Amino acid sequence: MAERERDAHGKPLNARPRDGLGRPMARGGNGTPRVPDDLRLPPTAALVEAQKFLDANMPFHAHEVLEGTWKSCPSDERPLWQGLAQLAVGLTHLMRGNRVGAASLLRQGHERLVGFECNPPHHLDVTGLLTWSEGLLGELETGRLPVAPGIPALRATD
């Protein structure tokens, strides 16, 4: 059995290529470029980068960008960034056909964002994100799998 790749601190790595929805592919295959594990962007840059991935139908990669900011943001913003990351990974599960996982993560992300609706930081369109996630959750609860779930806009238009 081959030894697993590890970083300089001994943490296991997964160097296998991944497809556009973050699923591991066979070693040696051609996957999509990965978001570096140590990427930590400031809020505005993270939102711009995550939106690029969402617009390219790559919500898994958007989730990884948002997760990096969640891990480095002030503690009072952690629920916000965690909620955004959960919405992105919920969309990932939906696009993979996993209705149960999608509903669970969309619901968790939605609940984390509710507290930021009245005073959204970073020009986030929290109301729009909540409306979007409520719509998807409603469709999932009726047993339908949305064919084109739409891509949320993270920021309000100025």
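Look up a bit, the structure's there.
Please read these numbers as outputs of a predicted model, since none were measured by experiment.

So, how was this worked out
Residues numbered from 1 in each chain as written. Predicted model: local features only at pLDDT ≥ 70, side-chain atom pairs only at ≥ 80, totals over all residues. Heavy atoms only, no water. Helix = DSSP H or I, 4+ residues; strand = E, 2+ residues; numbered from the N terminus. Buried < 20%, exposed > 50% of the residue type's maximum accessible area, 1.4 Å probe, protein only. Areas by Shrake-Rupley, 256 points an atom, 1.4 Å probe, with all protein chains shown as cover. Core = buried A, V, L, I, M, F, W, Y, C linked by side-chain atoms within 4.5 Å. Contact = heavy atoms within 4.5 Å. Expected span 1.5 Å × (residues − 1). Arc of directions from axis to C-beta.

Trainee: I keep staring at the overall build of the chain and nothing clicks. Help me out?
Mentor: Helix and strand counts for the chain stand at 5 helices and 0 strands. Along the chain, helices (α) and strands (β) appear in the sequence α-α-α-α-α when read from the amino end. The buried share of the chain, taken over its 158 residues, is 40%. Counting only carbon and sulfur atoms, one obtains 53% of the accessible surface of the chain, whose full area is about 8700 Å².

Trainee: Even after reading the chapter, I still don't get the nonpolar core, so can you show me in this structure?
Mentor: Generally speaking, soluble globular proteins have nonpolar side chains that are buried together. With 33 residues, the main nonpolar core has Leu66, Trp81, Leu84, Leu106, Leu113 and Leu154 as its most contacted residues. When contributions to this core are tallied by element, the ones reaching two or more residues are helix H1 (43-55), helix H2 (59-72), helix H3 (78-96), helix H4 (99-113) and helix H5 (126-141). At 8 residues, the largest contribution of residues to this core is made by H3. Those residues within four positions of Leu154 in sequence are excluded, and the remaining contacts are Leu47, Ala50, Gln51, Leu54, Leu84, His123, Leu124, Asp125 and Leu129.

Trainee: Sorry if this is basic, but what is going on with H1 here?
Mentor: An α-helical segment advances 3.6 residues per turn. Residues three or four places apart therefore align on the same side. When the terminal C-alpha atoms of H1 are compared, their 18 Å separation across 13 residues agrees well with the 18 Å that a helix rising 1.5 Å per residue should span. Taken as a whole, H1 has its buried residues at Ala46, Leu47, Ala50, Gln51, Phe53 and Leu54. Down the axis of H1, the smallest arc covering the buried residues is 160°, so these residues share one side. Those residues of H1 that are exposed and angled more than 90 degrees off the buried face are Lys52 and Asp55. Where H1 is buried, its residues meet H2 and H3. Positive backbone phi, at 60°, marks Asn57, one or two positions downstream of H1.

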